[in-house]
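Descriptive structure summary
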Amino acid sequence: MEELLEILEDIQPGVDYANCKTLIDDHILDSFGILSLVSEIEDAFDIEVSPAELVAENFNSAESLWKMICRLKEEE
Amino acid sequence: MAYHTIAYFAVFLPIVILLYQVFPKKIRFAVILAADIVFFWLFSGKLIIYLVCASLLTYFIGLWLEKIALNPGGLSNKLITKKKRRVLALGILLNLAVLVVLKYTNFFGQTLSDILNVFKVDWTYKPIKFMIPIGLSFYTLEIISYLTDVYRGTQKAEHNFAKVALYLSFFPQTMEGPIARFHETADALYSGESIKFDNLKFGYQRILWGLFKKIVVADRIFPTVKYIFGNYANLDGSIALFGAICYVTQLYMEFSGCMDIVIGSGQIFGITLPENFRQPFLAKNAGDFWRRWHITLGTFFKDYIFYPVSLAKPVKNFAKKVKKRCGRNVSKFVAPTAALFCVWLSNGLWHGANWTFIFYGMYYFVLIFIENILEEPLKKFTEKLHINMESVGFRIFRAIKLFIIVVTGELFFNAASLKDGFKMFGRIFTNFHISELISSIFQLKMDRYDIPIVVVGIILVTIVGALKEKNIDIRRKVSGWVIPARWVFWYAAIMLVIIFGAYGSGYTAVDLIYAGY
């Protein structure tokens, strides 16, 4: 989780990622930000994110992102 | 029987509402389906066969995808995905083939003929007259979204054919969308819930607002747009610019007005159709504008072209190579830019088979690409100069810049050909005399009554939009007033549309622009 928070901070600094649950709904992360994030987490956690995963439920908070990463790691 | 005609909102729609309410809940879906068929038939007659075949194909391909996913043969995950991908490709290609043949054969034939003539090959393409069913471009995208979602596993394959047919043919969406997702409408359309008084009231109020935008404002501007775009070569550059501004106004009033009628119609039956506009002229830049203008088309391209292309293996591998050589600051633009190009090429082509539309798509591709590249440097630059990007002055500057971008794009979008677009655009810079526009303003097919009505209409729509941006809904506010005040308000609104609407003698009926795409 720490590593994920660092990646998020690196892509879009100045957001309270530990508590924010509306990263997509409030347009904090746009489609370009999402793609940068996907590229980074694929490298960092050795997973493959498919287009089907790019939905608000998976990207609205650091917690939901972490859940997706864990799930994808299990499926690998 | 377009949505803004009396035949639709005062005859067809009330009859459907009445029949829907009279029939038992279990078969109400059949009333909607029958209305869909009648509505489609009135525009395209026997061409309804295209829609029937597309619905059947979509239904069976969906079931086929589900059968593969259930994996009765005990195949490996890799093999299942491969099989599913082939079936999805078959479903999409068969549907796209119809769209491509009917809409683009003449364009590709003519382009091929032009290219061959350049190489001195004497071959002339003879255009074929195709009959295109109404709404083909819209329901084809809905089919792609449904099949892709079933393939991805985010949507269950539908076992009830009626639901698939209802989803693809709901009559308020037939002409201009919005492009809905299966889960947004199918179940609600099938459920046959009773019509609620609030839905009926709010639905018709929204239809009234849409009619105001369409027949009071847009249709009064139409003759001016037609005249200026048809005669720009003999007119001053200032008039050409005025024509382009009028077209932007007409297009917004008409398309968003039509969406009000469509969404209002859906609301009556308890169907929440997705919004297509969210105050686009209050956007921060061109990218933001497209998140507020024709929203359902933009989200379709984002979900089914932008993300899949960005995450495609060859694109990701290329981005990784660039990252090794040039670093993350450069590589992060590779995948989004490749995907952005595909999105805007598709956007241009979707609007029609004409180079003006392809140019329009590429115009926004370049603009949004530049915006993305400059976003960070510009942020640092404004911070260094202590420029407050939320100050009134900066917001006005931003709004003017966006308006220029939109007007320029729409000028090419509405030009008869790319050559005409460039000539008209050129006149604005080479032959611009504002005095010409002022002296001939009443000779531009809008008389002394049209102009004040249009201006007041634009002001009203702007005020309502600004309030909406602040989450203030006029309809909800009015519904809280005492009954006499409410009646006076809505009676005045109805009279406003009846008295000031551009219809009857002296006005020709204006077709819906997006129904042609």
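Residues numbered from 1 in each chain as written. Chains lettered and ligands numbered in written order. Predicted model: local features only at pLDDT ≥ 70, side-chain atom pairs only at ≥ 80, totals over all residues. Heavy atoms only, no water.

1. A short note on the overall build of chain B
Which entries qualify depends on this criterion: Only DSSP runs of H or I covering at least 4 residues are called helices, and only runs of E covering at least 2 are called strands; the numbering of each starts at the N terminus. Atoms counted for the radius of gyration: C-alpha only. Globule rule: 2.2 Å times residue count to the power 0.38. Classification of residues uses two cut-offs on accessible area relative to the type maximum, computed with a 1.4 Å probe and protein chains only: under 20% is buried, over 50% is exposed, and between them is partly exposed. Whether two residues touch is decided by their heavy atoms; if any such pair falls within 4.5 Å, the residues are in contact. To measure how exposed things are, a 1.4 Å probe is used in the Shrake-Rupley method; for residues, cover is taken only from the protein chains shown. Charged residues are defined here as Lys and Arg on the positive side and Asp and Glu on the negative side; His and the ends of the chain fall outside this count. Throughout, a charge is located at the NZ atom of Lys, the CZ atom of Arg, the CG atom of Asp or the CD atom of Glu.
Within chain B, the secondary structure is distributed over 21 helices and zero strands. Computed over its C-alpha atoms, the radius of gyration of chain B comes to 25 Å, within 12% of the 24 Å expected for a compact globule of 517 residues. Projected onto its principal axes, the C-alpha coordinates of chain B cover approximately 80 × 70 × 60 Å. When burial is assessed residue by residue, chain B has 49% of its 517 residues classed as buried. A fraction of 76% describes how many contacts in chain B between residues 6 or more apart in sequence connect residues 24 or more apart. As presented, chain B carries roughly 25,900 Å² of accessible surface, and 68% of it is formed by carbon and sulfur atoms. Across chain B, the 57 positively charged side chains and the 32 negatively charged ones have centroids separated by 8 Å.

2. Describing the overall build of chain A
The secondary structure content of chain A amounts to four helices and zero strands. Secondary structure elements in chain A, listed N-terminal to C-terminal, are α-α-α-α. Seen through its principal axes, chain A has C-alpha atoms that stretch 30 × 25 × 20 Å. Summed over all atoms, the accessible surface of chain A reaches about 3,900 Å², with 47% contributed by carbon and sulfur.

3. A short note on the pattern of salt bridges
Residues and elements named next belong to chain B. Under the convention used in this document: By definition here, a salt bridge exists when the distance from a side-chain nitrogen of Lys or Arg to a carboxyl oxygen of Asp or Glu is within 4 Å.
As enumerated under the stated definition, the model contains 21 salt bridges over all chains in all. We note a salt bridge from lysine 201 to aspartate 198, for which the minimum N-O separation is 3.4 Å. Of this pair, lysine 201 and aspartate 198 both sit in helix H8 (residues 197-231), separated by three residues, roughly a single helical turn. The class for lysine 201 is partly exposed, based on a relative accessible area of 23%. The exposure class assigned to aspartate 198 is partly exposed, which follows from its relative accessible area of 41%.

4. Let's talk about the domain arrangement of chain B
All names here are of chain B. What counts, and what does not: Segmentation of the chain into domains, including their bounds, is taken from an automatic or database domain assignment. The term buried area denotes the loss of accessible surface (1.4 Å probe radius) that occurs when two parts are joined, taken as the sum for both partners. N or O atoms within 3.5 Å of each other form a polar contact, as long as, within protein, one can give a hydrogen and the other can take it, and as long as residues adjacent in sequence are counted only when both atoms are side-chain atoms. Nonpolar residues are Ala, Val, Leu, Ile, Met, Phe, Trp, Tyr, Cys and Pro. Charged residues are Asp, Glu, Lys and Arg, and all others, Gly as well, are polar.
Parsing chain B into structural domains produces domain 1 (6-194), domain 2 (208-237 + 248-273 + 443-517) and domain 3 (278-414). Relative placement of domain 1 and domain 2: their C-alpha centres are 30 Å apart. Contacts between domain 1 and domain 2 engage 23 residues on the former and 20 residues on the latter. Where domain 1 abuts domain 2, roughly 1,700 Å² becomes buried across the two surfaces, and 77% of that area is made up of carbon and sulfur atoms. At the junction of domain 1 and domain 2, the tally comes to zero salt bridges. Across the contact surface, domain 1 and domain 2 share one residue pair in polar contact (both at pLDDT 80 or more). Of all elements in the fold, only helix H1 (6-22), helix H5 (136-152) and helix H7 (182-191) reach the threshold of two or more residues within the side of domain 1 that touches domain 2. The dominant element in the side of domain 1 that touches domain 2, judged by the number of residues it contributes, is H1, at six residues. For the side of domain 1 that touches domain 2, the class distribution of residues is 16 nonpolar, four polar and three charged.

5. Describing the environment of lysine 21 of chain A
Residue and element names in this part refer to chain A. Here lysine 21 is to be found in the loop between helix H1 (2-11) and helix H2 (31-45). Sequence separation of lysine 21 and glutamate 57 is 36 residues, and the distance between their C-alpha atoms is 9.7 Å. Excluding anything up to four places from it in sequence, lysine 21 contacts Asn60, Ser61 and Glu63. Among the polar contacts made by the side chain of lysine 21, one reaches the side chain of glutamate 63 at a distance of 3.4 Å.

6. Structural notes on the layout of surface pockets
By rolling a water-sized probe across the atoms, one finds the places where empty space is left. Our working definition: Lining residues are defined by having an atom within 4 Å of a point belonging to a cavity or pocket. Those points lie on a 1 Å grid over the protein atoms alone, cavities being sets where a 1.4 Å probe fits but cannot get out and pockets being open sets with protein on both sides within 12 Å along at least five of seven lines. Grid points are joined across faces, edges and corners, and a volume is the space filled by probe spheres set on the points.
Its volume calculated, the second largest pocket comes out at about 2,100 Å³. Lining the second largest pocket are 45 residues, with Ser50 and Pro51 of chain A together with Thr81, Arg85 and Tyr151 of chain B sitting closest to its centre. Per-element tally for the lining of the second largest pocket: the top contributor is helix H4 (residues 77-118) of chain B, with 16 residues. Of the residues in the lining of the second largest pocket, the class split is 28 nonpolar, six polar and 11 charged. Both domain 1 (6-194) and domain 3 (278-414) of chain B contribute no fewer than three residues apiece to the lining of the second largest pocket.

7. Considerations on the packing of aromatic side chains
What counts here: When the centres of two rings from Phe, Tyr and Trp lie within 6.5 Å, Trp using its six-membered ring, the rings pair. Their planes under 30 degrees apart give stacked, over 60 give edge-to-face, and anything left gives tilted.
A complete count under the given rule lists 57 aromatic pairs over all chains for this structure. Between phenylalanine 45 of chain A and tryptophan 66 of chain A, the ring centres sit 5.6 Å apart and the planes meet at 70 degrees, which makes this aromatic pair edge-to-face. Taken together, the residues phenylalanine 45 of chain A in helix H2 and tryptophan 66 of chain A in helix H4 (residues 62-75) connect sequence positions 21 residues apart. For phenylalanine 45 of chain A, a relative accessible area of 9% corresponds to the buried category. Accessibility expressed as a relative area gives 27% for tryptophan 66 of chain A, which makes it partly exposed. Geometrically, the ring pair formed by phenylalanine 300 of chain B and tyrosine 304 of chain B is tilted, given 5.0 Å between the ring centres and 45 degrees between the ring planes. Here tyrosine 304 of chain B and phenylalanine 300 of chain B lie together in helix H11 (residues 295-310), a separation of four residues that amounts to about one turn.

8. Some remarks on empty space enclosed by the protein
Applying the stated criterion across every chain yields a total of two cavities of 30 Å³ or more. Roughly 290 Å³ of volume is contained in the largest cavity. Leu35 and Ser39 of chain A together with Ala319, Ser331 and Ala335 of chain B are, among the 18 residues lining the largest cavity, the residues nearest its centre. Where the lining of the largest cavity is concerned, the elements lending two or more residues are H2 of chain A together with helix H12 (313-326), helix H13 (328-331) and helix H14 (334-351) of chain B.

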